[in-house]
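Below, each chain spelled out in residue letters.
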Amino acid sequence: MAVAIEFREVTKTFKGASYSAVNHVSLTVNEGEFITILGSSGCGKTTLLKMINRLYEPDSGSIILFGEDISTVDVVKVRRRIGYVIQQIGLFPHYTVGENIATVPKLLGWEKAKIAARVDELLDLVGLEPKEFRDRYPAQLSGGQQQRIGLARALAIDPKIMLMDEPFGAIDSITREKLQDELLNLHREMGKTILFVTHDIEEAFKLGDRVIIMNEGTVRQFDTPEAIIRQPADPFVQSLVDSAKAKEAFWREYL
Amino acid sequence: MTALILNYFRENSGRFWGMLAAHVQVSILSLGIAVLIGVPAGFLCVRWKKAQKYITGLFSVLRVIPSLAILLLMVPIMGTGTAPAVVALVLLAVPPILMNTVAGLEGVPPFMLETAEGVGMNPTQVWTKVRFPLAMPMILTGIKTAAVEIVASATLASKIGAGGLGDIIFAGIGLFKTELLLIGGMSVALLSLLTGLIFAIIEKSTMKHRTV
């Protein structure tokens, strides 16, 4: 299996901060893996993600995508190879749904017919009827629908890597559950490499082939959900697993 | 009174339309120049934070000076006529356009800019495709404020020989003719309302996504 993403001793400290947001992280993600990054706020998970599409630059260390050190590649080119989805979704409110999805293809100068076909294809893929949604504005959509569009936009030019920063964080739990299942299906069909940041342990374990558990800028454990649950690497991971079990027990009382 | 007004139009309609045209001309010219100064200056303020202090400082001082004072101050510098009037009106109109451009551009949420970068827009595209379009409602509001201010102040510009509807009003004051005051005053008022209306239409047609 080819290596998709490799972190080599990556460190990032923000100006004025006394600690490192990301502290000497080294890890390897294989092509086609669905990786979730779990941690509480401030643990460095978003920083780790944003260094991959160079929204942040590491202070030291290097990040390699498919064998290429990204610091040597034009930053816009790096980003156009990567799909990016965030919690706030960030659909452009002055663009229609179709125009939002077409953002990157347009930047790349695709032909109109090709763009239109791709937009409809993607709307179908994320479960929205093209005819009905193509010409609407984001303000006319529910949160769940908006995030489907966010996902479609990120998939527009078929990037090999998808970065997702708590994409379902602001979505109600029923819709979230559904979107998680659909994302898993999409991943199975398309075999993309996905890095998915979340602070929700159930979400992390449900979606991830492997889970990165971060705390205070370091990776505490990087393994399959099963291995983490069976053998937590340190007291922090143990406490995370325990908290999930406690929640589970709470629900069991009512069953 | 109605008879006097009708009589005025019977005898002077040519002159009236001439003055109206002059008024509109001076206003549009001043607004155009003010937009060409205010919007780029606002952009510079946001792009280079250091410039902001000086540019907004300068214009907020200018804003405090009453319009009549600015108009009259132009006379010793540029003499009388249309040119000094336009300069004075531009000075009046730049602050609202500048301030709203700054507020509009700074009001675009950071995550929106980050998404734009994240999908692979280069810095210029982030400005032209996302930041300016999203700031547009605020910028238009600034231009509208400036336009209404210009139409009103252009009346005073007739004091320094720029012509326009102010000529009728000042003639009315000088000759103590109420009908001239009414004609001049009403015309300026209608022109201001019309200006507001035009901008409302522009806003509506460019901001489809906000009205749906």
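Residues numbered from 1 in each chain as written. Chains lettered and ligands numbered in written order. Predicted model: local features only at pLDDT ≥ 70, side-chain atom pairs only at ≥ 80, totals over all residues. Heavy atoms only, no water.

### Remarks on the overall build of chain A
Across its full length, chain A carries eleven helices and ten strands. In summary, chain A has a C-alpha radius of gyration of 19 Å against a globular reference of 18 Å for 255 residues, a match within 12%. For chain A, the residues scored as buried account for 51% of the 255 residues in total. Counted over contacts in chain A with a minimum sequence separation of 6, partners at least 24 positions apart contribute 67%. Accessible surface, chain A as shown: approximately 11,900 Å² in total, 50% of it carbon and sulfur. (Helix = DSSP H or I, 4+ residues; strand = E, 2+ residues; numbered from the N terminus. Rg over C-alpha atoms; globule rule 2.2 N^0.38 Å. Buried < 20%, exposed > 50% of the residue type's maximum accessible area, 1.4 Å probe, protein only. Contact = heavy atoms within 4.5 Å. Areas by Shrake-Rupley, 256 points an atom, 1.4 Å probe, with all protein chains shown as cover.)

### Brief notes about the confidence of the model for chain B
All names here are of chain B. For chain B, per-residue confidence averages 88 on the pLDDT scale, and residues scoring 70 or more make up 98% of the total. Of all helices and strands in chain B, the one with the weakest mean pLDDT is helix α9 (residues 208–211) (60), whereas helix α5 (residues 110–118) scores best (93). Model confidence for the complex is summarised by a pTM of 0.83, with the ipTM given as 0.84. (pLDDT = per-residue confidence, 0-100.)

### With respect to the pattern of salt bridges
Once the charged atoms of two side chains with opposite charge are near each other, the side chains can pair. What the rule picks out here adds up to 21 salt bridges over all chains. Salt-bridge contacts for A:E6 lead to A:R8; the nearest nitrogen and oxygen are separated by 3.1 Å. We classify A:E6 as partly exposed; its relative accessible area is 21%. Note that B:K49 and B:E106 form a salt bridge whose closest N and O atoms lie 2.3 Å from each other. In this pair, B:K49 sits in helix α2 (residues 49–64) while B:E106 sits in helix α4 (residues 82–106), placing the two residues 57 residues apart along the sequence. (Salt bridge = Lys/Arg side-chain N within 4 Å of Asp/Glu carboxyl O.)

### Some remarks on the environment of A:V241
All names here are of chain A. Looking at the element boundaries, V241 is found in helix α11 (residues 235–252). Of the residues examined, V241 reaches a relative accessible area of 3% and is grouped as buried. With eleven residues separating them along the chain, V241 and R230 place their C-alpha atoms 9.5 Å apart. Sequence-distant contacts of V241, defined by excluding residues within four places in its chain, comprise I201, I228 and I229.

### Points about the interface of chain A and chain B
With 24 residues of chain A at the interface, the matching set in chain B holds 19 residues. Both sides of the chain A and chain B interface together cover about 1,900 Å² of buried area, and 68% of this is carbon and sulfur. Here B:E114 ties to A:K50 by a salt bridge, and the two come within 2.9 Å at their closest N and O atoms. Connecting chain A to chain B are five residue pairs in polar contact (both at pLDDT 80 or more). For the side of chain A that touches chain B, the secondary structure elements donating two or more residues are α2 (75–80), β6 (82–86) and α4 (103–107) of chain A. For the side of chain A that touches chain B, the per-class residue count stands at 14 nonpolar, six polar and four charged. (Buried area = accessible area lost by both parts, 1.4 Å probe. Polar contact = N/O pair within 3.5 Å; in protein donor to acceptor, adjacent residues only side chain to side chain. Nonpolar A, V, L, I, M, F, W, Y, C, P; charged D, E, K, R; others polar.)

### Digging into the sheet that holds strand β1 (residues 3–12) of chain A
Residues and elements named next belong to chain A. If you trace the four strands from one edge of the open sheet to the other, you get β2-β1-β4-β5, paired in antiparallel fashion. Edge positions in the sheet fall to β2 (22–30) and β5 (68–69), since each has one partner strand and no second. Here β1 runs beside strand β4 (residues 60–65); their pairing, made up of five bridges, is antiparallel. Bridge pairing in β4 places I5 opposite L65. Of the strands in this sheet, β1, β2 and β4 are in contact with helix α1 (residues 45–52), which crosses β1 at around 120°. (Pairing = 2+ DSSP bridges. Axes fitted to C-alpha atoms, helices over the stretch in contact; angles between N-to-C directions.)

### Topic: helix α7 (residues 143–155) of chain A
Residues and elements named next belong to chain A. In a regular helix each residue adds 1.5 Å, so 13 residues correspond to 18 Å; α7 covers 18 Å between its end C-alpha atoms and thus fits that length. Burial of α7 is extensive: ten of the 13 residues sit out of reach of the surface. Those residues of α7 lying buried are G144, Q147, R148, I149, G150, L151, A152, R153, A154 and L155. (Expected span 1.5 Å × (residues − 1).)

### Comments concerning empty space enclosed by the protein
One way to see where empty space is left: roll a probe the size of a water molecule over the atoms. Residue and element names in this part refer to chain A. For the structure shown, the criterion picks out three cavities of 30 Å³ or more. Reported here for the largest cavity is a volume of approximately 80 Å³. Lining the largest cavity are 13 residues, and of these I82, G83, V104, R153 and A154 lie nearest its centre. Elements represented by at least two residues in the lining of the largest cavity include exactly α2, β6 and α7. Element by element, the count of residues in the lining of the largest cavity is highest for β6, at three residues. Each residue belonging to the lining of the largest cavity can be placed in one class, and the counts come to eight nonpolar, two polar and three charged. Its volume calculated, the second largest cavity comes out at about 50 Å³. (1 Å grid on protein atoms, 1.4 Å probe; cavity = no way out; pocket = protein on both sides within 12 Å on 5 of 7 lines; lining within 4 Å. Points joined across faces, edges and corners; volume = space filled by probe spheres on them.)

### Observations concerning the side chain of A:D234
Its place among the elements puts A:D234 in the loop between α10 (225–230) and α11. Reaching out from A:D234, the side chain makes a polar contact with the backbone nitrogen of A:V237 at a distance of 3.0 Å.

### Notes on the pairing of strand β10 (residues 218–223) of chain A
All names here are of chain A. Pairing of strand β9 (residues 210–215) with β10 involves five bridges; the strand directions are antiparallel. What sits directly across from V211, in β10, is D223. Here β9 hands over to β10 after two residues, with E216 in that stretch at a positive phi of 45°.

### Here we look at the nonpolar core
Ranked by size, the top nonpolar core spans 40 residues in total, and within it B:L31, B:I97 and B:L98 carry the most contacts. The leading source of residues in this core is α4(B), at twelve residues. In this view, B:L31 contacts B:I97, B:I143, B:A146, B:A147, B:I150 and B:F199; residues no more than four positions away in its chain are not counted. If you look at the next biggest cluster of nonpolar residues, it comprises 32 residues, including A:I89, A:I115, A:L179 and A:L207. (Core = buried A, V, L, I, M, F, W, Y, C linked by side-chain atoms within 4.5 Å.)

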